[in-house]
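# Chains, contacts and geometry: an overview
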Amino acid sequence: MENIILKTDALGISFGGLKAADNVNLEIRKNEIYGLIGPNGAGKTTVFNMLTGVYLPTTGTFYLDGEELRGLSQEKINAKGIARTFQNIRLFNNMSVIRNVMVGLHNRPEFKCNPFVSMLRLPGHFDAEKRMRAKAKELLSIFGLLEERNTLACNLPYGKQRKLEIARALATSPKLLLLDEPAAGMNPQETEELMDTIRFVRDNFDMTILLIEHDMSLVSGICDRLTVLNFGQTLAEGGVDEVLNNPEVVRAYLGDD
């Protein structure tokens, strides 16, 4: 159990009389790439929203590294070590690439600056700014975005916007990174590059990754284990081959025929 980074215990939420997620039990080990899959409307993003404080669970709870986080704000959950990307990219489009990453760094204690020092533009403010910029450049170089650091985020190609969103999430120094359909809208070459990037992040940032994805080639090529949701409930869980060949899973995706 000491190797478990994320544990959900009977996690669920209802909207009126509709159970969007019910009795979801996940146990994700440190440094795993774990897939949360299922048909559209299965409750996958709803689970992400509970884990990041967007929604307060109606039932159950969840733990990061053994610490219960249910009921904390989005900002506090992020500070505890959970960061995410979104199905629909959410960047600061009219800010430069490097500024988007620096926004993520503001949450880290080593870059915090006394408001009085910043207001008066004292040397401590410029020192913090310099260190943040250096760290942001380091992250951008990993994702091949250093040359575009002064480009507006809205002017990046789609695939690079995805990478920038991951870089910004990593800037908060998380223990667990949640990726919501990171390959959506990507062509096969971009998807292949994304798979390499996710592996690199896991291996070089000591990161655990939980991802939602519909691209089964990405799921089968990168995930260690899977959980399948259907109508808000767990349909199957286990190793990738075992789950993807489960007749109930195939039926949920393809129908009885």
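Coordinates for the structure precede this section.
Notes on the structure follow. Every value quoted in this text rests on a predicted model; they were computed, and no experiment measured them.

Moving on to the sheet that holds strand β9 (residues 208-212). Ordered by their spatial adjacency, 6 strands build an open sheet running β7-β8-β9-β4-β10-β11, and the pairing between neighbours is mixed. The open sheet has two edge strands with one neighbour each: β7 (82-84) and β11 (233-239). When the angles between neighbouring strand axes are averaged without regard to direction, this sheet yields 20°. Across 5 bridges, the pairing between strand β8 (residues 176-180) and β9 is parallel. Bridged to Leu179 within β9 is Leu211. Relative to the sheet, helix α1 (residues 44-51) contacts β4 (33-37), β7, β8, β9 and β10 (225-230), its axis offset from that of β9 by approximately 140°. Sheet strands touched by helix α7 (residues 188-204): β4, β8 and β9. Its angle to β9, the strand with the most contacts, is close to 150°.

Packing of helix α6 (residues 158-171) against α7 brings their axes to within 11 Å, and their N-to-C directions diverge by 15°. Taken together, the axes of α6 and α7 lie roughly parallel to each other. Read as a crossing pair, α6 and α7 show a hand that is right-handed. Contact residues: α6 offers Gly159, Lys163, Ile166 and Leu170, while α7 offers Glu190, Glu193, Leu194, Thr197 and Val201. In the contact of α6 with α7, the residues fall into 4 nonpolar, 2 polar and 3 charged.

About the thresholds
- Residues numbered from 1 in each chain as written.
- Predicted model: local features only at pLDDT ≥ 70, side-chain atom pairs only at ≥ 80, totals over all residues.
- Heavy atoms only, no water.
- Pairing = 2+ DSSP bridges.
- Helix = DSSP H or I, 4+ residues; strand = E, 2+ residues; numbered from the N terminus.
- Axes fitted to C-alpha atoms, helices over the stretch in contact; angles between N-to-C directions.
- Contact = heavy atoms within 4.5 Å.
- Parallel < 35°, antiparallel > 145°, perpendicular 65-115°, else oblique.
- Left-handed = near helix turned anticlockwise from the far one by under 90°.
- Nonpolar A, V, L, I, M, F, W, Y, C, P; charged D, E, K, R; others polar.

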